[in-house]
Structure formats: C-alpha cells, structure tokens
Amino acid sequence: MSTRDLHQMGVAELAGALRERKVSAVEAAQHQLGRIKQHQDLGAFVALDEDFALSQARAADAQIAAGTGRALAGVPIAHKDIFVTADLPTTAGSRILAGYRSPFDATVVRKLAEAGTVTLGKLSCDEFAMGSSNENVAVPAIGFDHAVPVRNPWDRDRIPGGSSGGSAVAVAARLVPAATGTDTGGSIRQPASFCGVTGIKPTYGRASRYGMVAFASSLDQAGPFARSAEDCALMLSALCGPDPERDSTSLDRPAEDFSRTLGDSLEGLRIGVPREFLGDGVAPGVRAAIDAALAEYEKLGAQRVEVTLPRTELSIPVYYIIAAAESSSNLSRFDGVKFGHRAKNYRDLADMYAKTREEGFGDEVKRRIMIGTYVLSHGYYDAYYLQAQKVRRMIADDFRQAFAHCDLIAGPAAPTVAWKLGEHGGDPVADYLADIFTLPGSLAGLPGMSVPAGFDAGMPVGLQLIGNYFSEAKLLNAAHRFQQATDWHQRAPQGY
Ligand code: GLN
C-alpha cells in the first residue's frame, strides 16, 4: 500500500490497515512526522521526539506481528502539553515549567499507550489551559525560538480556538488522526468547532485527572479530538475509566465501549434547543448552519423541541469566579522549589517565590491568580465564591429540568466562527464572553461534544451536543448518524 495519502485515514481506518499489516506502525509514524515538520509553521507542536516515536512504533509492529496488538496498535497521536509525560517535556504552555520533565505519565497518556497508540509529540495550548484562542502561549513551538500563537489551517490569520488549539489544528491539518485535549470551560468543544473537527468532553469524572496539570479541578476533564465521532469513540473508550488510587474524583464506573451503539436509529430522539443558544448574539451564518443541522436531524427521525436554560448568561461570571478561585489554589505549587523555572537573583525565600512567579507566569495566568485570591479572601468569599457555587448548582438544575423534555441538547459550540489573530486585542473579557455556550455544560459536569456542521464565510461551524450524565455513547451515536448523512467532517482545509 502507498503511504502517500496515509494522513487522510482516520483512527478506525488506520487501525484496521495496521492490523491487516497493509501499513506498518513505523511507516505511519514516519509519514506523520514528515507532515508535522512540513507544517510546523502552524505552531501546533511544542515537542517532537522522532526516536521515541519510532521505538514505540517498532514495539507496536512487533505486537501486531505476534497477534497481541491492542485496539489502537500503531496509531500515531499527540497529547496536549498539559498532560505530563515521562518521555517528553511538559510545559503546560508556561515559562514556569521550562525544563521540567515529569517522572511519570498522566493516566490518560498511559491508558492510550496501553491501547497501542504511538505518541509523536506534545501540542501547544494556552498557558495552564487558560484561554480561548491559543494566543496565551509562552513557550516556543518546534521550529521557532520564541512563542507563537497557533494558526488555524482554514485561515492562517485566524485563531484555532483554545485552550486546546494545538490539538484541534493537528487533527484538522492531518498531522495526526487524533489527539488529546482538556476541557475546563470549553477547551475541547470550542477549538474543535473552530477547526472543523470532532471533539468530546466526557462526564466529569469519567477520565482520570492524574497527571493533567491542574487548572480548575472541579471542572477539568480530558477528551479526544479526531475527525469523526466513530474515531472519537475509539479514543474515548481507551482513555476513560476509574483511577481510584490516583484521582479521587474519577468515577467508580467500569470503562465502557463507547462505540457500542454507533449506528442506532435516531427515530424519536428528542433534541432540545435552548432558546438562549440561538439569540441575537449568535452570528447569522452560525445560526443558519445550526438550523440546517437540526433540519438534518429531523430527517433522521429526531424531533426538535424548544427548551430553556435561563441562567446561560450567568455561567460566564460564575465560571470565571470558580475557575479563577481553583486556579489560584492549584498554581500555588509553582514556587520555584519543586518544578521548572527558578529566578536567578533573589534576596530571600519570599523574594525567590515572588520573582519566580513574576518571571514564570504570563499576564492571563497572573490575572486569574489575582481574581481567584480576591474572591476567596476573607470578607469576599461569601459575596463571590459562595454565591457563584450557589448559582452553579442552579445552572445544573436548569439542565435537569431541560432533560425532562429532551434526550439531548443542541446548539452552537460558540456564537461566532474563529476570529482573527489579535482581534480581541488583549481584551480578556472579549474572550470570556465567547465561551457562553460551553460554560453551562462544564459547570454542570455534563458530557458535550462539537461536530462539524457547515461553514460561515469559509470558516467551520461546530454543532454542540450536550447529553445527560454518562450519555457519551448516545452523544457519539447522534454525531455518528449525522456524519453518515453529511460530509462536513470530511472536508479538509485547502493545502492539507
Ligand atoms: N476559555 C476558558 C478559559 O479560559 C476555558 C478554558 C478551558 O476549557 N481550559 O478558562
């Protein structure tokens, strides 16, 4: 078999070709490594290790030859640089972790390796996963000697979304068939939407957070990016599962095969469209694409019902209080003692802490630490943090009521398509507001995904599907049926 178009294969197809030995894992890894270097100007990769990649690929080939290859044996992937890896550096996009090497692999990384995947490298992200555009990255991409924003392959002058921008771009540009990401307030769904790929964030607790550099622990959740729902299901099945000894919030539920219901009929499925998700703030072209997608679902036998999530707008202040509060606590561990960067010149211990953090953290990270420290401080705790927690509960309650009337919720993943690099001009609030449709599901801990559903002025639009707790298989099937009826997910950006 010619390896020329290998990068057009998705996870399922490539895993099949590897199993049937039409292509070897070494060939697949070499081909993708070549593409990664060819397109390194996108800024998607921050670490690449060819020797390590090829040694894993050789091991996968040996297992396949011996008949002991696992489900994803030989499939090349890459990880968001927020997952710690023993064999590759981990920076979380931050100068403060420059030079850091983890002594262990994150559980998600380990589980995917056990499923046979070959890790090619690490992917750019916003610093500590704080951002919506992947412009908040402070470490160089491969081929650069300075930090660069990741570029969207559909229009290189546009952002890819964030914080898992490198992951979405790597899949959209066919640098890897699948990648990992994390979603705290939308960082899988929004970049998937902006780059025209499929991404799913499972129910909070499905995937272990062990070895994921912590941002907001009550929200952080890992998930895959791939081109199709079918491929996401394979990746998600491999990376989820309980991890009781290492993450006490990982759920005590056995690992599942999320592919098991792929192909089931959607006849009678009630799709709830929250009226707040298609209001005036949504770009007309995005709304048109979402309406067309919903019409496609009706053709597939589903029924569109209107629901309401009345506290949608409140999810922005609530999220940016809770996430900041948790991050201010989580990031206190970066003090120049245990990890990464330490300031060179300091007077005493307190000065060392201060200078290390001043030099090591970027502006957005500092802003969140300050907001978080403020809302947790004595005298403001009740007014901000506690109040936000109460509203968070009400937001979760709104979903509970909505799910009394529907099986899935659908709407746009974001109000617009990807904006231009620099367009928000360093105005953090402009970024925060754009998270409006992903934050409610995150605060409720619900599973959600983004599915390519058309274009607005040449840029991809993502349909967001939100399910009830533990409904990942149902979500993936709904996306799969849509992808059998449409070809949005197969479109590639020009030149890739
Ligand atoms: N854009 C949101 C933020 O900046 C979400 C980020 C995420 O999900 N990691 O916090």
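Residues numbered from 1 in each chain as written. Predicted model: local features only at pLDDT ≥ 70, side-chain atom pairs only at ≥ 80, totals over all residues. Heavy atoms only, no water.

(A) Representation of unusual backbone geometry in the model. The omega torsion across glycine 162 and serine 163 is 5°, close enough to zero to call that bond cis. Inspection of the secondary structure puts serine 163 in the loop between strand 3 (118-123) and helix 5 (165-172). Here alanine 129, not a glycine, exhibits a phi torsion of approximately 65°, which is positive. With respect to the element layout, alanine 129 can be found in the loop between strand 3 and helix 5. Look at alanine 129 and you get buried, because its relative accessible area is 5%. Phi is positive for asparagine 134, which is not a glycine, with a value near 60°. (Helix = DSSP H or I, 4+ residues; strand = E, 2+ residues; numbered from the N terminus. Buried < 20%, exposed > 50% of the residue type's maximum accessible area, 1.4 Å probe, protein only.)

(B) Layout of the site of the ligand. Residues in close proximity to the ligand total 15 residues, the closest being Thr184, Gly185, Ser187, Tyr319 and Arg368. Between the ligand and glycine 186 there is a distance of 3.2 Å, counted from an oxygen atom to a backbone nitrogen or oxygen. When isolated, the ligand has an accessible area of 290 Å², and the protein chains bury 99% of it. Counted by class, the shell around the ligand contains 5 nonpolar, 7 polar and 3 charged residues. (Near = heavy atom within 4 Å. Polar contact = N/O pair within 3.5 Å; in protein donor to acceptor, adjacent residues only side chain to side chain. Areas by Shrake-Rupley, 256 points an atom, 1.4 Å probe, with all protein chains shown as cover. Nonpolar A, V, L, I, M, F, W, Y, C, P; charged D, E, K, R; others polar.)

(C) Examining the packing of helix 8 (residues 284-299) against helix 15 (residues 472-485) more closely. Closest axis-to-axis distance for the helix 8/helix 15 pair is 10 Å, and the angle between their directions is 95°. Judged by the inter-axis angle, helix 8 sits roughly perpendicular to helix 15. Residue-level inspection shows Ala293, Glu296 and Tyr297 of helix 8 in contact with helix 15, the latter providing Ala478, Ala479, Phe482 and Ala485. Within the contact of helix 8 with helix 15, the residues separate by chemical class into 6 nonpolar, no polar and 1 charged. (Axes fitted to C-alpha atoms, helices over the stretch in contact; angles between N-to-C directions. Parallel < 35°, antiparallel > 145°, perpendicular 65-115°, else oblique. Contact = heavy atoms within 4.5 Å.)

(D) Main features of the packing of helix 2 (residues 25-38) against helix 3 (residues 50-66). Orientation of helix 2 relative to helix 3, taken along the N-to-C sense of each, is 155°, at an axis distance of 8 Å. As far as their axial angle goes, helix 3 and helix 2 are roughly antiparallel. Crossing angle aside, the handedness with which helix 2 passes helix 3 is right-handed. For the pair helix 2 and helix 3, the contacting residues are Ala25, Val26, Ala29, Gln30, Leu33 and Lys37 in the first and Glu50, Ala53, Leu54, Ala57, Arg58, Ala60 and Asp61 in the second. Considering only residue class, the contact of helix 2 with helix 3 consists of 8 nonpolar, 1 polar and 4 charged. (Left-handed = near helix turned anticlockwise from the far one by under 90°.)

(E) Region of interest: the side chain of glutamine 464. Relative to the assigned elements, glutamine 464 resides in strand 11 (residues 459-467). Among the residues examined, glutamine 464 registers a relative accessible area of 1% and is labelled buried. Contacts of glutamine 464, omitting those with residues within four sequence positions, involve Arg189, Phe277, Ile409, Ala410, Gly411, Pro412, Ala413, Phe437, Thr438, Met449 and Ser450.

So yeah, pure geometry; function would need other evidence.
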